[in-house]
Amino acid sequence: MHNTQVVIIGAGAAGLMCALTAAARGREVLVLDHANKPGKKILMSGGGRCNFTNMYCEPSNFLSENPHFCKSALARYTQWDFIALVGKHGIPYHEKKLGQLFCDNKASDILNMLLDECAQAGAVLRMDTSIKAIEKQEHCYLLHSSAGPIQCESLVIATGGLSIPTLGATGFGFQIAKQFGHNILPTRAGLVPFTITDPQLKNLCTELSGTSVEDCLVSCNGQSFRENILFTHRGLSGPAILQISSFWQPGDSISINLLPHIDLPEWLAEQQRERPNSELKTLLAELFTKKMANLLADSWFTSKPMKQYTPGELKAIASQLEDWQLVPAGTEGYRTAEVTLGGVDTREVSSKTMESLKSPGLYFIGEVLDVTGHLGGFNFQWAWASAYAAAQFV
């Protein structure tokens, strides 16, 4: 029998942060993970550069059935606290845009920082260890693991969600929560590309696969995001699409303004006055790539010299480009989703300590909870903040 004070299941962002913070308090901490290496999702995040937080992190950047839950933890461990830790380790970083902070070098800088802090504080990591069963005993939890029985006072679930199963994601955390009487709110893929099956639209996306449109406004269900979109051979991706996917439900229409920075009716009228003999596709090629301009002109409009358009036709062109309505067939699912929406119902968890209100000594942190951030470093900040909160009490 191995006895320890704290067991953390999951050696990802939240698990490692909780381990180093609790161990620095003098707690005896053991981190278990079924994977062969820690922090796999950290390493692939942000295109390998790890978008580790956001300078403008606010509770409003998070989705939850219980929107006030995240406020306490985010207030007690802020983006500036994590930035200070990164600074302490001399890790070079930069703001990409919109407050998004990325490593200058590699995501491994952040993982190595967490592992170094764990080692210094005395937290022990045990990889390649699977949990077969968990029992609640009078004052402790008994884990039946592939490394033998382990007993602990505090058990922290930092197993993440269902996104990117190739990195080892499973529903294990949800199973544990259910075992101890917790409600799991419906889960679905978030921050995920859309798939398109409508033949005409799919053809457009396939033809434009790899083409990015720099500044688009994408709207759905009262939410809007202004960022890049990317055409793929399967549909649409890019930051604005990933953001809106968290608010989209099957069957919903999304609206895309391809040129939010231009007053299109005015621009088209001006082109008609000043360049009456220019073809529409020629003018659109100044706003999009030539290929995209030609495809839009051929599939959406009949391209002809500007002087031949009636005011009504110009109005219809502006409307199509400013309010392109489409209904995605679905999303690419957990295979490529950055996060899992839904999860452990936070109304059954203390917002101060992250401790279960159903089973004393059991804690939930990070993505396993029903708290999901926008794209841009917010989900990492939730991992750091929720882990820090729990670490004060485990």
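Being a predicted model, the structure only gives us computed values, none of them experimental. (Residues numbered from 1 in each chain as written. Predicted model: local features only at pLDDT ≥ 70, side-chain atom pairs only at ≥ 80, totals over all residues. Heavy atoms only, no water.)

Re the packing of helix α9 (residues 264-274) against helix α12 (residues 311-322)
In contact at an axis separation of 9 Å, α9 and α12 are set at 135° when each is read in the N-to-C sense. The pairing of α9 with α12 is recorded here as oblique in orientation. Where α9 crosses over α12, the handedness of that crossing is right-handed. Contacts between α9 and α12 pair Leu-264, Pro-265, Leu-268 and Gln-272 from the former with Leu-314, Ile-317, Ala-318, Leu-321 and Glu-322 from the latter. Here the contact of α9 with α12 is built from residues that sort into seven nonpolar, one polar and one charged. (Axes fitted to C-alpha atoms, helices over the stretch in contact; angles between N-to-C directions. Helix = DSSP H or I, 4+ residues; strand = E, 2+ residues; numbered from the N terminus. Parallel < 35°, antiparallel > 145°, perpendicular 65-115°, else oblique. Left-handed = near helix turned anticlockwise from the far one by under 90°. Contact = heavy atoms within 4.5 Å. Nonpolar A, V, L, I, M, F, W, Y, C, P; charged D, E, K, R; others polar.)

Some details on the UniProt feature "domain: RsdA/BaiN/AoA(So)-like Rossmann fold-like" (unreviewed entry) in the chain
In the numbering used here, UniProt assigns the "domain: RsdA/BaiN/AoA(So)-like Rossmann fold-like" (unreviewed entry) feature to residues 5-392. Along residues 5-392, the helical share is 32% and the strand share 25%, with 13 Å between the first and last C-alpha atoms. (UniProt positions renumbered as here; feature names shortened; annotations may be inferred.)

Brief notes about α12
The end-to-end C-alpha distance of α12, which contains twelve residues, comes to 16 Å, matching closely the 16 Å that a straight helix rising 1.5 Å per residue would cover. Those residues of α12 lying buried are Leu-314, Ile-317, Ala-318 and Leu-321. Mapping the buried residues of α12 onto a view down its axis gives an arc of 95°, with all of them on the same face. On its buried face, α12 sits against β16 (254-257), α9, α10 (280-284) and α11 (290-300). (Expected span 1.5 Å × (residues − 1). Buried < 20%, exposed > 50% of the residue type's maximum accessible area, 1.4 Å probe, protein only. Arc of directions from axis to C-beta.)

Things to note about the nonpolar core
Phe-82, Ile-110, Leu-143, Leu-155 and Trp-382 are the most contacted members of the largest nonpolar core, which has 81 residues in total. Considering each element in turn, this core owes the most residues, ten residues, to helix α13 (residues 378-391). In this structure Ile-110 touches Ile-42, Cys-50, Phe-52, Phe-82, Val-86, Ile-91, Cys-103 and Trp-384, once residues within four positions along its chain are discounted. Formed by 46 residues, the second largest nonpolar core is a distinct cluster that contains Val-213, Phe-225, Phe-231 and Ile-256. (Core = buried A, V, L, I, M, F, W, Y, C linked by side-chain atoms within 4.5 Å.)

A few points about the sheet that holds strand β14 (residues 223-231)
Spatially, β17-β16-β13-β14-β15-β12-β18 is the arrangement adopted by the seven strands of the open sheet, whose pairing is antiparallel. Because the sheet does not close on itself, it has two edges, and the strands there are β17 (324-326) and β18 (330-331). Where strand β12 (residues 194-195) meets β18, two bridges bridge the pair, whose relative direction is antiparallel. Residue pairing across strands places Thr-195 opposite Gly-330, the latter belonging to β18. Docked against the sheet, helix α7 (residues 199-207) engages β14, β15 (235-237) and β17, running at close to 115° with respect to β17. Docked against the sheet, α12 engages β16 and β17, running at close to 115° with respect to β16. (Pairing = 2+ DSSP bridges.)

Details of the pattern of salt bridges
As enumerated under the stated definition, the model contains twelve salt bridges in all. Linking Arg-226 and Asp-215 is a salt bridge whose minimum nitrogen-to-oxygen distance equals 2.9 Å. Here the residue Arg-226 occupies a position in strand β14, and Asp-215 occupies one in strand β13 (residues 212-220), the gap between them amounting to eleven residues. Classification of Arg-226 by relative accessible area gives partly exposed; the value is 44%. Here Arg-347 and Asp-345 are joined by a salt bridge, their closest N and O atoms 3.1 Å apart. Taking the relative accessible area as the measure of exposure, Asp-345 reaches 6% and is therefore buried. Each of Arg-234, Glu-332 and Arg-335 takes part in a single network of salt bridges with overlapping partners. (Salt bridge = Lys/Arg side-chain N within 4 Å of Asp/Glu carboxyl O.)

Some details on the sheet that holds strand β5 (residues 93-95)
Read from one edge to the other, the open sheet built from three strands follows the order β3-β6-β5, with strand pairing classed as antiparallel. Because the sheet does not close on itself, it has two edges, and the strands there are β3 (51-54) and β5. Averaged over all pairs of adjacent strands, the angle between strand axes in this sheet comes to 30°, irrespective of strand direction.

A look at the environment of Leu-85
Topologically, Leu-85 is positioned in helix α4 (residues 79-88). Leu-85 gets classed as buried once you look at its relative accessible area, which sits at 12%. Sequence separation of Leu-85 and Ile-42 is 43 residues, and the distance between their C-alpha atoms is 16 Å.

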